[in-house]
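So the chains spell out like this:
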Amino acid sequence: MRVCSLFASRSCHIFRRLQQNTLVSSSTTIAAVRRSVTCNEKSGYYVTTPIFYVNASPHLGHLYSAVIADCSHRYKQLQGFNSKFATGTDEHGLKVQQAAEAAGKQPLTFCTEVSERFERLFRSCSISYTDYIRTTELRHRQAVEHFWSVLWNKRLIYKGSYEGWYSTQDESFLTPSQVGDALDSSGNEIKVSLESGHKVEWMKEENYMFRLSAFRSQLLDWLRGNPKAIQPERFQLAVLQWLQEDLPDLSVSRQRSRLQWGIPVPGDANQTIYVWLDALVNYLSVAGYPDHHERWWSVAHHIIGKDILKFHAIYWPAFLLGAGLRLPQAIHVHSHWTVRGKKMSKSLGNVIDPLEHSRMFTTDGLRYFLLRQGVPESDCDYTEEKVIKLLNAELADSLGGLMNRCTAAALNPAQVYPSFCPQAFPRDQGGRAAAEDYRMLEAVRNLPFVVEKHYESMHFYKALEAIGACVRQTNGFVQRHAPWKLDRTGGKDQRWLDTILHVSLECMRVYGTLLQPVVPEISDKLLTRLGVRPDERSFETLDFLPRLWQRDSPFEGRALGTDTGVLFSRLESQKFKNKKSHFK
Ligand code: ME8
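An unreviewed UniProt entry lists the protein under the name Methionine--tRNA ligase, mitochondrial, from Oryzias sinensis. Under Catalytic activity (unreviewed entry), UniProt gives the following word-for-word description of the protein: "tRNA(Met) + L-methionine + ATP = L-methionyl-tRNA(Met) + AMP + diphosphate". Turning to the protein, the UniProt record has this under Subcellular location (unreviewed entry): "Mitochondrion matrix".

From N to C terminus, the protein includes 20 helices and 20 strands. Computed over the C-alpha atoms, the radius of gyration of the protein is 27 Å, within 12% of the 25 Å expected from 2.2 N^0.38 for a compact globule of 584 residues. Considering only C-alpha atoms, the protein reaches an extent of 90 × 55 × 40 Å along its principal axes. By residue count, 58% of the 584 residues in the protein fall in the buried class. Entry remark: accessible area of the protein is about 24600 Å², with carbon and sulfur atoms responsible for 50%. Of the charged side chains in the protein, 72 are positive and 62 negative, and the gap between their average positions amounts to 4 Å.

We now examine the UniProt feature "domain: Methionyl/Leucyl tRNA synthetase" (unreviewed entry) in the protein. Annotation from UniProt places "domain: Methionyl/Leucyl tRNA synthetase" (unreviewed entry) at residues 45–406. Summarising residues 45–406: 43% helix, 25% strand, and an end-to-end C-alpha distance of 37 Å.

Sheet strands line up and pair through hydrogen bonds in the backbone, either parallel or antiparallel. In space, the 6 strands of this open sheet follow the order β5-β4-β3-β16-β17-β11, with parallel pairing throughout. At either margin of the open sheet sits one strand with a lone partner, and together these are β5 (131–134) and β11 (230–231). Bridge count for β11 against strand β17 (residues 330–334) is 2 bridges, and the pairing is parallel. Residue pairing in the sheet places I230 in a bridge with I331 of β17.

Core analysis: the biggest nonpolar cluster contains 111 residues, and F122, L391, F425, I467 and Y511 have the highest contact counts within it. L240, V275, Y315 and W316 belong to the second-largest nonpolar core, a separate cluster that totals 70 residues.

One can describe the packing of helix α16 (residues 435–456) onto helix α17 (residues 460–481) by two numbers: an axis separation of 9 Å at closest approach and a directional angle of 165°. The pairing of α16 with α17 is recorded here as roughly antiparallel in orientation. Here the hand of the crossing between α16 and α17 comes out left-handed. Touching E436, D437, R439, M440, A443, V444, L447, V450, V451, H454 and Y455 of α16 are F460, K462, A463, A466, I467, C470, Q473, T474, F477, R480 and H481, all from α17. The residue makeup of the contact of α16 with α17, split by class, is 13 nonpolar, 4 polar and 5 charged.

Listed under "domain: Methionyl-tRNA synthetase anticodon-binding" (unreviewed entry) in the UniProt record, and renumbered for this structure, are residues 429–536. Between the C-alpha atoms that bound residues 429–536 the distance is 30 Å, and the span itself is 74% helix and 0% strand.

We now examine the site of the ligand. The local shell around the ligand holds 23 residues, among which I51, S65, D90, D307 and W337 are the closest. In the model, a nitrogen atom of the ligand is placed 2.9 Å from a nitrogen or oxygen of the W337 main chain. A total of 670 Å² of accessible area belongs to the ligand in isolation, and the protein chains cover 93% of it. Those elements giving two or more residues to the shell around the ligand turn out to be β3 (44–53), α3 (60–78), α9 (275–280) and α10 (282–287). Here the shell around the ligand gets 4 residues from one element, more than from any other, and that element is β3. Grouping the constituent residues of the shell around the ligand by class yields 11 nonpolar, 10 polar and 2 charged.

Attention shifts here to the environment of T528. By the element assignment, T528 lies in helix α19 (residues 520–530). Here T528 falls in the partly exposed class, since its relative accessible area comes to 37%. With 443 residues separating them in the primary sequence, T528 and F85 have C-alpha atoms 26 Å apart. Discounting residues that sit within four places of it in the chain, T528 has contacts with R537 and G561.

Conventions used here
- Residues numbered from 1 in each chain as written.
- Predicted model: local features only at pLDDT ≥ 70, side-chain atom pairs only at ≥ 80, totals over all residues.
- Heavy atoms only, no water.
- UniProt positions renumbered as here; feature names shortened; annotations may be inferred.
- Helix = DSSP H or I, 4+ residues; strand = E, 2+ residues; numbered from the N terminus.
- Rg over C-alpha atoms; globule rule 2.2 N^0.38 Å.
- Buried < 20%, exposed > 50% of the residue type's maximum accessible area, 1.4 Å probe, protein only.
- Areas by Shrake-Rupley, 256 points an atom, 1.4 Å probe, with all protein chains shown as cover.
- Lys, Arg positive; Asp, Glu negative; His and termini not counted.
- Charge placed at Lys NZ, Arg CZ, Asp CG, Glu CD.
- Pairing = 2+ DSSP bridges.
- Core = buried A, V, L, I, M, F, W, Y, C linked by side-chain atoms within 4.5 Å.
- Axes fitted to C-alpha atoms, helices over the stretch in contact; angles between N-to-C directions.
- Parallel < 35°, antiparallel > 145°, perpendicular 65-115°, else oblique.
- Left-handed = near helix turned anticlockwise from the far one by under 90°.
- Contact = heavy atoms within 4.5 Å.
- Nonpolar A, V, L, I, M, F, W, Y, C, P; charged D, E, K, R; others polar.
- Near = heavy atom within 4 Å.
- Polar contact = N/O pair within 3.5 Å; in protein donor to acceptor, adjacent residues only side chain to side chain.

Encoded structure:
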């Protein structure tokens, strides 16, 4: 039995109702609710990142998209879903053709080198993709050719001519209203895309055109009928606004004489398929298109940056509608990282190398920072000082400090998961526990529901904020009862001390379990130290403090893990000042 896709929202909802209507607050009930919201069907989830251009090396923004997708994939797996996670590289088009020429390399050799850099980065940052797609692969070419033929046979593609602006940097056609004047670095007047600032050129060629204009009302219907199709809402509203504007047919090929590096149009060797049509089909290629895609395609979720919204929210759905295929379940859009308030760019020399920074701050440190600080709705700023401050406060001091205190040999010489004493901490008040302690238990018991809700909507920063608040409460709990001051020679004080530690470890177990999608290595270290086995780490079976409800705990009396190392070492800002750095 697997948890069905409605699990998070439905179980949350059911649980809230139960809480309101009755005095249920037993974790038996929570576990029962979680288990009861199941379905027999094998639930699937398919998450994608954009496929990245190989004209330059990966930067922090690319890693950010991959970390979001990875977190979502790991979260779904912990919920019991069968999850597929695709990323990869976008290797065709004029931009890549020109970059290979400039590097003096054969295009494929050039693409392979850069694509491998992306793969290395992702592997070293614990990006647990299940499929890495390159658009130069045969399986992809076959999918694109098939997709094109379907559109052609439905007469949605026709031979025409295109005259207008084109940005090679964005690989995008622009209408006159999307173009403005600017000066290049030598002071020459040029035309640029108003959105990206990239240079545009006037082009006039015979092309194949896609009947994009015919899809306006279907696109509007889709968005109006699915208010969560594009998330967060502000991006859905932006797309609805664009659909009120001019929606001309779209050129979907380039003359072969100008663009050789791409897939030829089936049946016309003088034309090359437009790189965006080629690239978007990657999501289908991975799903098994054209023969075996249905299973994964029906559960597809795209993660994209705000820069490529138009391609994913207008062109792609129109192509899919044209080809008679389902639309993705959701498109999750995120905003951009700036560096000290400026857009990352080669010319400013402020491009953040994610591999270098993951070595400086550790992989999990960088992942945590990106997800804790990144807000999908608005741009976020990256500085090394901020990273150091946040990681020291939340991972080293708060979470790491809590683990040290609760597992210290001085308090727990036997190094076992201590026992819980129901008389010291009765379910209803009256023992040695204080009112704040019960409030903390309530918060930790609700935490999985809060976190799941935020993970579900890709608001990872809210989930981490909620976990952080509970960690602070648990630190407060330990501080309040100062177990190091209790008499450790047996008797009542010892039972109370063990109970304090038991409750704290139970809280830590919840935090470690919930943090797995974000910081897999740190969570593993934490859970291993607590003696939690790999098969006891799923969200489905997370059962907080069963002893409070007179049920057995599988952990009580179990040996703790033997690795007593620190969870996350404090970062010293001094150490980074001498490095090639953006400190000023
Ligand atoms: O557009 N902050 O590839 P690309 C956050 N090949 N994320 C950023 C970012 C920033 N400053 N800069 C880039 C392409 N990104 C196409 C995609 S998909 C079928 C084809 C991330 O290499 C963000 O996800 O230019 C953005 O959408 C993507 O990188 C663009 O990567």
